[in-house]
Amino acid sequence: MLQSLAGSSCVRLVEQHRSAWCFALLVLGYLLYLVFGAVVFSSVELPYEDLLRQKLGKLKQRFLDEHGCLSEEQLEQFLMQVLDASNYGVSVLSNASGNWNWDFTSSLFFASTVLSTTGYGHTVPLSDGGKAFCIIYSVIGIPFTLLFLTAVVQRIIVYVTRRPVLYFHIQWGLSKQIVAIIHAMLLGFITVSFFFLIPAAIFSVLEDDWNFLESFYFCFISLSTIGLGDYVPGEGYNQKFRELYKIGITCYLLLGLIAMLVVLETFCELHELKKFRKLFYVKKDKEDDQVNIIEHDQLSFSSISDQAASMKDDQKANEPFVTSQSPTSNDSSLNN
């Protein structure tokens, strides 16, 4: 008897705080996912880092042995200056001396990566004025970009998602949920094909040092706005039509980002995902719900009364044989 009462009380407790338990599980799952990623990256990349460190150490020691007049401190200072310049996008290599990082097309590409929060990091402002302007430009430009993308996506999704789903639901009599799922999968496949697979094949041809996997990796890192910066197109010393190529990449990033947002918005509108998201939301209090209901009822009543009054006025105006009498004429007729 006591066990059944305790069990029922535990069930009621869980049901009353269901969203809190779901949120706690969500946080725990996210932390475990972070730890899982750290373990995998460490186990996969740490051996390669160790090999690279050993290789660089051997090359450095060989260089010092071949050039006895150069001390290790002098070599360290030279390498530090080279690495600092490389962090600012300036290379000392002779084959890269012809590429400028701040011509118009490169600056346009940099501005697009800043506003889209991709930020490859291969080119950064050198001067204090450039750094200050980058802060002001980003503070204004990033919200402006979010507003622009939101407006564009909301207009596109009407013609790409909502109307097609509604058309097949009404004309073919199919279930709206099934049509929405099939449409979302089809739209995702088209987006992956036209903004990941095909561009990856193109980049693997245009970029001499990239294979298909590296090109696909660049497309994903860019359109997901991660922007690690380890692969940046158009930076080769023998790149043909570099200015036009940079403008094309800028357009690709903008259109690809819009396509990704359209796909994400399409999946977010699925009924199953909406139900799943509601598991982690905080439920509204009954008082708030009652206030919302009262406000909704008042709004509905006022709108209905306004509509009824306007309909009466329209009917009076449309009656051809009824003439309006003034209040004074009515009073005089009553007095007589």
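Here the structure is a predicted model, which means the values were calculated and not measured.

1. A short note on a positive patch on the surface
A cluster of basic residues, K176, K274, R277 and K278, forms a positive patch at the surface. A per-element tally of the positive patch places helix α9 (residues 271-278) first, with three residues. One can find K274 in helix α9.

2. Some thoughts on a nonpolar patch on the surface
Taken together, L186, F189, I190, V192, F194, L197, I198, I202, V205, L206 and F212 make up a surface patch of nonpolar side chains, about 1,000 Å² in accessible area. When residues in the nonpolar patch are grouped by element, the largest group, 10 residues, is from helix α6 (residues 176-206). With respect to the helices and strands, V205 occurs in helix α6.

3. Topic: the pattern of salt bridges
With the rule as written, the count across this model stands at four salt bridges. The partner of K60 in a salt bridge is E72, with the nearest N and O atoms 3.3 Å apart. One end of the pair, K60, is in helix α2 (residues 18-66); the other, E72, is in helix α3 (residues 72-87), with 12 residues separating them in the sequence. You can call E72 partly exposed: its relative accessible area is 43%. Across the salt bridge formed by R162 and E269, the nearest N and O atoms sit 2.6 Å from each other. Highlighted residues: R162 in helix α5 (residues 128-171) and E269 in the loop between α8 (242-268) and α9, separated in sequence by 107 residues. A single salt-bridge network, built from bridges that share partners, covers K60, E72 and E76.

Cut-off values and rules
Residues numbered from 1 in each chain as written. Predicted model: local features only at pLDDT ≥ 70, side-chain atom pairs only at ≥ 80, totals over all residues. Heavy atoms only, no water. Patch = residues over 30% accessible without salt bridge, like charges linked within 9 Å, V, L, I, M, F, W, Y side chains within 5 Å. Areas by Shrake-Rupley, 256 points an atom, 1.4 Å probe, with all protein chains shown as cover. Salt bridge = Lys/Arg side-chain N within 4 Å of Asp/Glu carboxyl O. Lys, Arg positive; Asp, Glu negative; His and termini not counted. Charge placed at Lys NZ, Arg CZ, Asp CG, Glu CD. Helix = DSSP H or I, 4+ residues; strand = E, 2+ residues; numbered from the N terminus. Buried < 20%, exposed > 50% of the residue type's maximum accessible area, 1.4 Å probe, protein only.

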